[in-house]
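Remarks on the overall topology
Read off the chains here:
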Amino acid sequence: MMHHQLALRFLCDDGGIDVIFTLQGDPSLFVASAASQLLVHMLTFSVESETTKPLSTKDGDWPACAQMIIKHIEDSLQSSSSSHIEQSLNLLTSLFGSCCDTWTEVLWLGIAKQIESFWMEETVQAHHMLAKLLLKVAWSPVFCDTESGIWALVTSALEHLTPVQAGPLAVGIVRHYNCPQDVRIQALTVLLQPMDCILRAASQPLEYAGLLDESVSDPATVESLLSSKSSCVNLLCQTLAHLEELLSQMRFSVDLPYTSLLHSLTTILQFCNGFLRPASPLGSTISRNLINCFRVQRSALDVLAALSEKKACDTLLGSLFDVLLAYLESPNTNPTVLKKTFQATSKWLVRLRELSCSNSQWQQTEKILEDVFLVLQKRLCSPCWEVRDSSLEFLTDLIKSLRDQDEFRQSLLSSEVPRLTEDLLEDPESYVRASAVTAVGHLAFITYFAPESPATGNQYNKENTVAKLHEILSTDTEGFPRRAVISIFNKWVREGCIGQLEDTEQFVSRVIQTVKHDLDWEVRLGGLELIEVFSSQTVCRLCVLNCPYTSVSAVTGCIHQNSSLLIFCRAKVFNFLFQSLCDCDQPLGQRACDILLALRCRFYPVKTLKDSQVAEDSYAGHGIAWLQRTLRQGSLAQNILTDGGNRVDFQDPESMLLALGIIDLEELHDELNKSSDHVEKSPQSLLQDILASVGTIEENEADCY
Amino acid sequence: AKSPILAVPEEPSNSLSKKRNPHVEVYCLSGHPTLPCNVLKFKSTTIMLDCGLDMTSTLNFLPLPLVQSNIVLYFCVFSVDVFFLQELKECSGHVFVDSVPEFCLPETELLDLSTVDVILISNYHCMMALPYITEYTGFTGTVYATEPTVQIGRLLMEELVNSIERVPKAQSASMWKNKEVQRVLPAPLKDAVEVSMWRKCYTMPEVNAALSKIQLVGYSQKIELFGAVQVTPLSSGYALGSSNWIIQSHYEKVSYVSGSSLLTTHPQPMDQASLKNSDVLILTGLTQIPTANPDGMVGEFCSNLAMTVRNGGNVLVPCYPSGVIYDLLECLYQYIDSAGLSNVPFYFISPVANSSLEFSQIFAEWLCHNKQTKVYLPEPPFPHAELIQTNKLKHYPSIHGDFSNDFKQPCVVFTGHPSLRFGDVVHFMELWGKSSLNTVIFTEPDFSYLDALAPYQPLAMKCVYCPIDTRLNFIQVSKLLKEVQPLHVVCPEQYTQPPPTQSHRTDLMVDCQPPPMSYRRAEVLTLPYKRRYEKIEIMPEVSNKNGEKDGGFLLIQPNSSYCFSSPFD
């Protein structure tokens, strides 16, 4: 309604706006937020639709409705009620976040002093809201000028807010493309100061360069926060979360002192496991506060993982892996911390590989890998299923990233890890079985599927492994392992690991027969993906096999079509595809339809039979009409089971070619892509609801609400 | 006439009555904080709190092999002096005493132990020195302990005596203990302390005689001692029948916390509430490995066990016949199927293995709630019954006899003694030590595993140290003290400073206000706490003489004299 002047006037002239002001304080957060949003819309619409000349700070220039709202904002900001102040801060944050018109600058000039007073006088406790508001204003294009007054305000806020309060503001400001250098340094100081204090507290004198120049920072506040357990943990967790956010920004242009940061992170991790002997009284206090603190450990490991992608951290690799291995080995490492350690280790091993190539550090790499696999062996035997699961995920990650590295393959295959991994295919915990399936599937790339496949002497060879995974796919009572198997089968087929086309055909056929009756729709969807991969590969392979040096002519194209159609029919893909069109789970129908459409494009590249007006009786004999009718009814699955099987032969290439040509797949596609609640979402449905509620108000009150 | 309410107290009727001392005194007789032996002098009574036996001294001795074995061949005679030819042997740079192992007794010179009125036992590990006290010191008092403590304590003593007596060693060594001689010996013999207090093991008749002096008590049972104090055992949550003790008079309360656990294992949970409002809390028996989380260690134990067995190796677990072994077997019960170890035999070898496994099933009232509930189903509270039924766990009194017929490898063997100096474990160390496929997993925290392994070097078998100590750690102690708020805390000096090897770990010490008072072996601690009030009975004639009718109270003056004070004054 806020696109209409009449509605705006109705609200402003008849007291409706007062109701909206009141609703800002509604106990329901949804209502309060909606009221705030509505006021933003009203203000924006009012200014944009009712002014013709640039606005000034004078009241008389502003439209009446805008004046009312601005006055309300100003009154609230000056009130002694913290809830009123917070409501206005929320409203302003929404406004500056959504509106980039120049008049917002005029508005800001009117309230900036008042806003600044909140942290200068420490009268308001809503510091996180102030930080959010300042960020929105700073990021608004209206204030993008480096000379803009907003930066002075930001500087003042960074100075006066505590490190915990200033953290969110600092991280937003550092990323600002137009932030003046001095403000950026100040924001970075806020973010790095806790890390710097940690570093200085741990070693005396400092062996490595600190993170900050002492002249720009007064560490007293941070040191006092680090001295108490709860504030120390809170500050570090927040700081680490901000640093991870910064490091994860792909296009982050500010260079951080990565080496010192890495050193600080390893120091925190050593404080947490009690391995570090601090050299200062503050260090002893921090050590005491951090020992066994899982929250800080997890956050530090997240940052460590993010840091692996940055250069210039190479000098500390040895001590870094010492810390990571200590965490991996320690029985006291909490399972959630262990998972994070695995993730960080995996990323740093990839980094190590890059360095090994360039610096011939392969001996160091070999030793680290040996240690990693030794500890992995033990973790794979853990009685805690979460640990076994994380270990398998870690192994999968490693194989994905390092499978082409000789040292890695040798270390892995000479350890007990492959055998222990295969043992876990029979783990009692379904999540572990699923992860074991994925790991074994990836392991196969460097054992059975590798050109120079070594004789590993494991209990499973290629055939046994395929059979074992197939057994899991057909008999496992839990969905996760079955999903994992179909996913791995897809990967194998996609990477052409199964072998010759004939082998793949048999493999796919067998898998489809297994998954098409699976109760888990994701497994069935995996089956459809398998068909998609298989079909595109089949077509490509046939092209390459038959005419590797020539382009496809009309004749050879026809031969390929016939051959591929024959293969698809033999592999029984059409049965599953048409059945899936009527699957009760919509994503399957959509996927099957997409695949059928793609196949039709291959077999009817120019036009379909539907367009060429083929006589109905020419395909009636093949049951296509029945199929089309049944598909429209959406009941193919049931009918195939009862009488449909006799009417359409899904393995007959001729019938399938006709089906592809005749059935209106586009129509089906449109139907399937309608969301399940499209009826309920339509305006007609809303109207019906309103009418129904008008008729019998009392009965329908609840529903209408 | 109304009988008088207050009267001058009669002297306690026992022969040990002495002048009233308003102070509370603690005599520390043991230097081992988890094997305590303290004497509390409180209200004219002399109460011994535990009598733990420090067995770490055995690490200085050669192992006692069951059969004459290769191990001796590895040793060469320590050649400092011809007199030591028979006494000391050297192996891999370590010198060992070649005689029957000896144990370090509690201090006996600090006070006349015949004056001890009662001995309160906290748990079966803390009563191993009992025969030395009751049979050698003129002790005539009573010992109080719970039934599981006595029964399992008896098993531990029986196993100890059996293990040592079945390998008779003619030789005894005493010359090396001469101070002048000891000074020139290499470490660790050179640094061994209190060697004059080292004694050979007691005998079974002495054990029986000592145990016959024990009076059984139940949790929360109030036991009057000479009308002067009342002692009450409380569940400490550490082991079957383990107790903390409340020692209180009408106006004073001393709590003795020894070997307690807040973890959910098999025993009844710890009773913390009853420890509140203590004037003095004596704190002993905290975890020996504060940096090792028991859950993590159990995980480590299972992982290493599975890894070894999957690789075709055997696992040796040196352990006591009771305690953590119940929890380990329970963990393995849940783990072996999932780890694919169903066909691997588990052997429990001890002269008391059968009794230990059976006792654990019958002490239902001393178990945690879950296990008690099982008894009413009726099901055995511990799952090792099922392991035995399904032949996955087999137990034998020794390696001779049936065991040799049933023995199948790879396997897992639980056997004692954790010091590796005597018991069937010595045989397995010799048998399996040469293969790197095998693993010895140390789970008992009482002995340094490196010292335990010293005479077996060089050793090819893998060694894993996962000490499982469920006793209170320092974080739990801190919370406990905040909860129960004693006026004064008394503890061994080891708990008032970080461990020597981790001097930066200031979190590994007792942290409370006011700071704890510490004691060390052979030290007498007078607690700052002074008794202020004393409830007395007053004879009518005395009452009339003072003109009192309805009562009053007696104030103990600093010079220990009594001052009667009427509420009507």
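Up top is the structure.
Worth saying up front: this structure is predicted, and the values here are computed from it rather than measured.

Let's talk about the overall build of chain B
What chain B contains, in helices and strands, is 14 helices and 28 strands. For chain B, restricting intrachain contacts to residue pairs at least 6 apart in sequence, the fraction spanning at least 24 positions comes to 74%. Of the roughly 22700 Å² of accessible surface on chain B, a fraction of 51% belongs to carbon and sulfur atoms.

Observations regarding the sheet that holds strand β19 (residues 393-396) of chain B
Strands belonging to one sheet form pairs held by backbone hydrogen bonds; the direction of such a pair is parallel or antiparallel. Residue and element names in this part refer to chain B. The sheet built from six strands is open, its strands ordered β19-β18-β20-β17-β21-β22 with parallel pairing. The open sheet has two edge strands with one neighbour each: β19 and β22 (462-465). Along the sheet, successive strands turn relative to each other by an average axial angle of 20°, direction set aside. Examined bridge by bridge, strand β21 (residues 439-442) and β22 share four bridges and lie parallel to one another. By the bridge assignment for β22, valine 440 is matched with cysteine 463. Against the sheet, helix α6 (residues 324-335) touches β18 (346-349), β19 and β20 (412-415), its axis set at about 165° to β20. Running at roughly 150° to strand β17 (residues 315-318), helix α11 (residues 425-432) makes contact with β17, β18, β20 and β21 of the sheet.

Focus on helix α10 (residues 181-202) of chain A
All names here are of chain A. With 22 residues, α10 should reach 32 Å at 1.5 Å per residue; the first-to-last C-alpha distance of 30 Å fits that figure. Largest kink in α10: about 45°, centred on leucine 192, with the proline proline 194 one to four residues after it. For α10, a buried count of 18 out of 22 residues is recorded, marking the element as mostly surrounded by other parts of the structure.

Section: the nonpolar core
Soluble, globular proteins show a tendency: their nonpolar side chains are buried together. Membership of the largest hydrophobic core comes to 336 residues, with the highest contact counts inside it found for Met42, Trp108, Trp492, Phe574 and Phe578 of chain A together with Phe414 of chain B. Examining the composition of this core, we find that 11 residues originate from one element, α10 of chain A, more than from any other. Contact partners of tryptophan 492 of chain A, with chain neighbours within four places excluded, come to Gly441, Ala444, Phe445, Phe449, Thr465, Val466, Leu469, Cys497 and Ile498 of chain A. Among the nonpolar cores identified, the runner-up in size contains 26 residues, and Val217, Ile223, Val229 and Tyr519 of chain B belong to it.

Regarding the pairing of strand β9 (residues 142-146) of chain B
All names here are of chain B. Counting buried residues along β9, four of its five residues qualify, which places the element largely inside the surrounding structure. The sheet contact formed by strand β8 (residues 118-120) and β9 spans three bridges and is parallel. Bridging from a neighbouring strand, valine 118 pairs with threonine 142 of β9. With helix α1 (residues 130-136) bridging β8 and the parallel β9, this β-α-β connection has right-handed handedness. Here β9 pairs with strand β11 (residues 214-217) via four bridges, running parallel. Each bridged residue has a counterpart across the sheet, and for tyrosine 144 the counterpart in β11 is glutamine 215.

Focus on the interface of chain B and chain A
Taken together, the contacts link 25 residues of chain B with 21 residues of chain A. Taking both sides of the interface into account, the surface hidden between chain B and chain A amounts to around 2000 Å²; carbon and sulfur atoms contribute 49%. Viewed at the interface, chain A and chain B are joined by two salt bridges. Where chain B packs against chain A, one counts 12 residue pairs in polar contact (both at pLDDT 80 or more). It is helix α5 (residues 294-310) of chain B that contributes the most residues to the side of chain B that touches chain A, 11 residues altogether. A class-by-class count of the residues in the side of chain B that touches chain A yields seven nonpolar, 13 polar and five charged.

Focus: the packing of helix α2 (residues 16-23) of chain A against helix α3 (residues 29-50) of chain A
All names here are of chain A. Direction vectors running N to C along α2 and α3 enclose 135°, while the axes themselves pass 8 Å from each other. The angle between α2 and α3 places the two elements in the oblique class. Seen from above, α2 lies across α3 with left-handed handedness. Note on element contacts: α3 touches α2 through Val31, Ala32, Ala35, Leu38, Leu39 and Met42, opposite Ile17, Ile20, Phe21 and Leu23.

Some words on the packing of aromatic side chains
What characterises a pair of aromatic rings is the spacing of the ring centres plus the angle enclosed by the ring planes. Under the defined criterion, the tally for this structure stands at 34 aromatic pairs over all chains. Ring geometry for tyrosine 347 of chain B against phenylalanine 407 of chain B: centres 6.0 Å apart, planes inclined by 50°, an arrangement best described as tilted. Taken as a pair, tyrosine 347 of chain B in strand β18 and phenylalanine 407 of chain B in the loop between α10 (402-406) and β20 lie far apart in primary sequence, 60 residues in all. When its relative accessible area of 0% is taken as the criterion, tyrosine 347 of chain B is described as buried. On the basis of relative accessibility, which here comes to 25%, the residue phenylalanine 407 of chain B falls in the partly exposed class. Counting every residue linked through ring pairs, the aromatic cluster contains Tyr347, Tyr396, Phe403, Phe407, Phe428 and Trp432 of chain B. The residue whose ring lies beneath arginine 403 of chain A is phenylalanine 445 of chain A, and the NZ or CZ to ring-centre distance is 4.2 Å. Directly above the aromatic system of phenylalanine 382 of chain B lies the positively charged group of lysine 371 of chain B, at a separation of 4.8 Å from the ring centroid.

Regarding the sheet that holds strand β24 (residues 517-519) of chain B
Residues and elements named next belong to chain B. The strand order across the open sheet built from seven strands is β12-β13-β14-β15-β16-β23-β24, with neighbouring strands paired in mixed fashion. Where the open sheet ends on each side, the last strands, each with one partner, are β12 (223-225) and β24. The average angle at which neighbouring strand axes cross in this sheet is 20°, direction not considered. Pairing analysis gives three bridges linking strand β23 (residues 488-492) to β24, with the strands arranged parallel. Directly across from proline 492, in β24, lies its bridge partner tyrosine 519.

What about a nonpolar patch on the surface?
Taken together, the side chains of Val19, Leu23, Phe30 and Val31 of chain A make up a nonpolar region of the molecular surface, amounting to roughly 380 Å² of accessible area. Take valine 31 of chain A: it is sitting in helix α3.

Comments concerning the pattern of salt bridges
For the coordinates displayed, the defined rule picks out 42 salt bridges over all chains. Two residues, aspartate 518 of chain A and arginine 482 of chain A, come together in a salt bridge whose shortest N-O distance is 2.8 Å. You can see aspartate 518 of chain A sitting in the loop between α25 (501-515) and α26 (521-546) and its partner arginine 482 of chain A sitting in helix α24 (residues 479-494), a full 36 residues away along the chain. Its salt-bridge partner being aspartate 507 of chain B, residue arginine 505 of chain B comes within 2.9 Å of it at the nearest N-O pair. A relative accessible area of 5% means that arginine 505 of chain B is categorised as buried. Judged by relative accessible area, which is 17%, aspartate 507 of chain B ranks as buried.

Reading the values: rules and limits
Residue indices follow the written sequence of each chain, beginning from 1 at its first position. By the order in which they are written, chains take letters starting at A while ligands take numbers starting at 1. At least 70 in pLDDT is required for a residue's local features to be given in this predicted model, at least 80 for side-chain atom pairs to be given and counted, and no such filter applies to totals for whole chains, interfaces and linings, which use all residues. Note: side-chain values were computed over all heavy atoms of the structure, leaving out hydrogens and water. By the criteria applied, helices consist of DSSP H or I runs no shorter than four residues and strands consist of E runs no shorter than two, each listed in order from the N terminus. The contact definition used throughout considers only heavy atoms, calling two residues in contact when any of these lie within 4.5 Å. With residues, only the protein chains shown are counted as cover, and all accessible areas are computed by Shrake-Rupley using a 1.4 Å probe. Two strands qualify as a pair provided that DSSP identifies no fewer than 2 bridges between them. A fitted line through C-alpha atoms represents every axis, and for helices the fit uses only the stretch in contact; the resulting angles, taken between N-to-C directions, go from 0 to 180 degrees. A helix is expected to span 1.5 Å for every residue after the first. Axes are fitted to the seven residues ending at a residue and to the seven starting at it; the angle between these axes is taken as the bend at that residue. Burial status follows relative accessibility: with a 1.4 Å probe on protein chains alone, a residue under 20% of its type maximum counts as buried, one over 50% as exposed, and anything between as partly exposed. For the purposes of this section, nonpolar cores are sets of buried Ala, Val, Leu, Ile, Met, Phe, Trp, Tyr and Cys residues that join through side-chain atoms within 4.5 Å. By the criterion used throughout, a crossover qualifies as right-handed when its path from the first strand across the helix to the second strand runs clockwise, the strands pointing away from the viewer. Each of two parts loses accessible area, computed with a 1.4 Å probe, when they are put together; buried area is these two losses added. Counted as salt bridges are all cases of a side-chain nitrogen of Lys or Arg within 4 Å of a carboxyl oxygen of Asp or Glu. Counting of polar contacts relies on pairs of N or O atoms within 3.5 Å, with two restrictions inside protein: one atom must be capable of donating a hydrogen and the other of accepting it, and residues adjacent in sequence are counted only when both atoms are side-chain atoms. Charged residues are taken to be Asp, Glu, Lys and Arg, nonpolar residues to be Ala, Val, Leu, Ile, Met, Phe, Trp, Tyr, Cys and Pro, and polar residues to be all remaining types, Gly included. The scheme is simple: roughly parallel for angles under 35 degrees, roughly antiparallel for over 145, roughly perpendicular for 65 to 115, oblique for anything else. Put simply, a crossing is left-handed when the front helix is turned counterclockwise from the back one by less than a right angle, and right-handed when it is turned clockwise. Within 6.5 Å between ring centres, the rings of Phe, Tyr and Trp (the latter by its six-membered ring) count as paired, and their orientation is classed by plane angle as stacked under 30 degrees, edge-to-face over 60, tilted in between. We call a charge positioned above a ring when the Lys NZ or Arg CZ atom is no farther than 6 Å from the ring centre and deviates by at most 35 degrees from the ring normal. Patches in this entry comprise residues that are over 30% relatively accessible and not in a salt bridge; like charges within 9 Å are linked, as are nonpolar side chains (Val, Leu, Ile, Met, Phe, Trp, Tyr) within 5 Å.

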